[in-house]
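Fold and geometry: a report
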Amino acid sequence: MKQMLAALTMLATLPAHAETVAIVNARAWTMTAETPIENAMIVARDGKIVSIAGAGAVPAGARVIDAAGRVVTPGLVNAATQLGLTEVSGARETNDQSVASGALGAAFDVQYALNANSTLVAQARADGVTEAMVFPGGSASAPFQGRGALVHLQPDGDILDRAQAALFVRVGSGTSDKTGGSRAAQWQLIRNALDEARAPQGIDPRERLLGRLDRASLAPVLDRRIPLVIAAERESDIRQAIALADDYGIRIVILGGAEAWRAKTDLAAKRIPVILDPMLNLPLSYDQIGARLDNAALLSNAGVRIAFTVPGFGIHLSYNAGSALREGAGIAAANGLPYAAALRAITRSGAEIWGADDRQGSIAPGKAADLVIWDGDPLEPQSGPAIVLIGGREAPDASRQAALRDRYRPGAETPLPPAYR
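Overview of the structure. Remember, predicted model here, so these are calculated numbers, not experimental data.

What follows deals with the overall build of the chain. Across its full length, the chain holds 12 helices and 16 strands. Computed over the C-alpha atoms, the radius of gyration of the chain is 23 Å, within 12% of the 22 Å expected from 2.2 N^0.38 for a compact globule of 421 residues. If one aligns the C-alpha atoms of the chain with their principal axes, the spans along those axes are about 70 × 65 × 50 Å. By the burial criterion, 51% of the 421 residues in the chain qualify as buried. The long-range share in the chain, meaning contacts at least 24 apart out of those at least 6 apart in sequence, stands at 65%. For the chain, the exposed area adds up to about 18800 Å²; of that, 52% sits on carbon and sulfur atoms.

What follows is the structure in structure tokens.
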């Protein structure tokens with residue numbers, strides 16, 4: 001009986017997907033080099049990459065996937081989304097990305113609302129996204145938005161990868177009305193919050209602006225365990241963010257950064273990454289007067305680590321989170337960003353910014369076997385994933401869009417769509 005129990009225990013602890021997969025004849029962009037490996041073979045075992053090299057002998061017993069010369073990349077990493085928080089923008093009960101009232105400010109935590117069954121999560125996965133940052137849209141205490149969660153879009157089970165991975169604030173014209181009418185007040189509130197969290201005993205309880213939960217949510221920022229993400233567009237706000245990093249010794253990430261190119265030298269010197277919208281070419285507000293399509297190229301050439309998000313007026317934060325991301329990277333490449341850097345901005349850079357580079361964002365031994373085999377150039381909008389692997393397993397390509405296509409696309413034998421035959 002003891003032997004049987006020991007055997008069952010051992011089986012229970014074995015990897016759930018014990019399988020060796022070999023992708024052969026691949027044009028592999030590993031994101032560890034500036035050029036792809038031609039005719040490469042990628043071997044994965046038990047959900048992790050074992051090796052990548054030029055053509056060689058396929059391991060015995062491996063399941064072989066022939067890439068037929070097509071491009072293979074790591075799974076896409078969307079650096080800022082609201083996947084799993086929004087389903088139908090017009091249906092309030094399906095929107096959990098923000099709170100407008102209540103006691104939660106900086107402590108607002110989106111992890112508790114993540115919906116792994118969202119059709120938009122399935123669509124992003126089918127489009128090649130395997131990892132994403134999900135950030136809050138706003139809290140009851142501006143300029144704080146709350147805490148974001150890193151998600152891994154595996155097709156079954158919990159998608160939460162790491163909770164409370166970053167704390168978000170938004171400064172500028174978009175939130176000035178909620179903080180009295182001036183962005184100056186926003187910066188004062190951020191600095192006061194950091195002061196209260198750093199030394200709460202030194203402040204008269206009657207003068208504290210933050211509650212216990214909000215103060216506690218700032219502790220990992222002050223300890224440099226997580227970054228403070230500042231959504232800002234205007235150069236003056238970006239320079240205030242740089243000063244905040246200096247004054248408090250904290251990690252800063254800029255989200256948006258339409259005018260970040262104007263501060264590129266200082267951002268590079270302080271190693272502050274920028275998550276930008278590569279499609280932004282015209283100002284949507286006075287905060288974005290300096291918007292330009294070569295923002296990504298200027299920042300990257302200056303040595304600033306960049307990653308991409310494509311808000312699309314908020315639509316693409318959930319809808320088309322994969323296809324819009326690739327299109328944006330292609331636009332950045334068309335406006336001076338080197339091709340390899342554009343690919344990196346939608347793969348490894350996001351993983352590096354969010355502290356997931358040990359398992360995501362590149363094709364290297366020990367990394368998760370989250371891979372995409374493309375049917376064309378991944379930066380071309382008309383291309384798409386031929387196969388998406390997550391943990392070495394082929395992820396289902398089922399999505400709402402595919403279901404609608406199959407239902408209503410006419411067949412060769414009749415002009416009527418399937419649903420009407």
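What follows covers the sheet that holds strand β8 (residues 144-152). Across a sheet, strands are paired by hydrogen bonds formed along the backbone, either parallel or antiparallel in direction. As summarised here, the arrangement of the eight strands in space is β6-β7-β8-β9-β10-β11-β12-β13, forming an open sheet in which the pairing is mixed. Two strands lie at the open edges of the sheet, namely β6 (76-81) and β13 (306-308), each paired on one side alone. If you compare each strand with its neighbour and ignore which way they point, the axes differ by 25° on average. Relative to strand β10 (residues 228-232), strand β9 (residues 160-170) is paired through four bridges, and the arrangement is parallel. Looking at β10, one finds that Val169 is bridged to Ile230. Each of β10 and β11 (252-256) touches helix α6 (residues 235-248); the most contacted strand, β11, lies at about 165° to it.

A word on the environment of Ser300. You can see Ser300 is positioned in helix α8 (residues 295-301). Judged by its relative accessible area of 23%, Ser300 is partly exposed. Remark: the alpha-carbon pair of Ser300 and Ala341, spanning 41 residues in sequence, is separated by 7.8 Å. Non-local contacts of Ser300, meaning those with residues more than four positions away in its chain, are made with Ile306, Leu337 and Ala341.

This paragraph deals with the side chain of Glu259. Topologically, Glu259 is positioned in the loop between β11 and α7 (264-269). Here the side chain of Glu259 touches Ile289 through a polar contact of 3.5 Å, landing on its backbone nitrogen.

What counts and how
Residues numbered from 1 in each chain as written. Predicted model: local features only at pLDDT ≥ 70, side-chain atom pairs only at ≥ 80, totals over all residues. Heavy atoms only, no water. Helix = DSSP H or I, 4+ residues; strand = E, 2+ residues; numbered from the N terminus. Rg over C-alpha atoms; globule rule 2.2 N^0.38 Å. Buried < 20%, exposed > 50% of the residue type's maximum accessible area, 1.4 Å probe, protein only. Contact = heavy atoms within 4.5 Å. Areas by Shrake-Rupley, 256 points an atom, 1.4 Å probe, with all protein chains shown as cover. Pairing = 2+ DSSP bridges. Axes fitted to C-alpha atoms, helices over the stretch in contact; angles between N-to-C directions. Polar contact = N/O pair within 3.5 Å; in protein donor to acceptor, adjacent residues only side chain to side chain.

Read these as layout, nothing more, since geometry by itself doesn't imply function.
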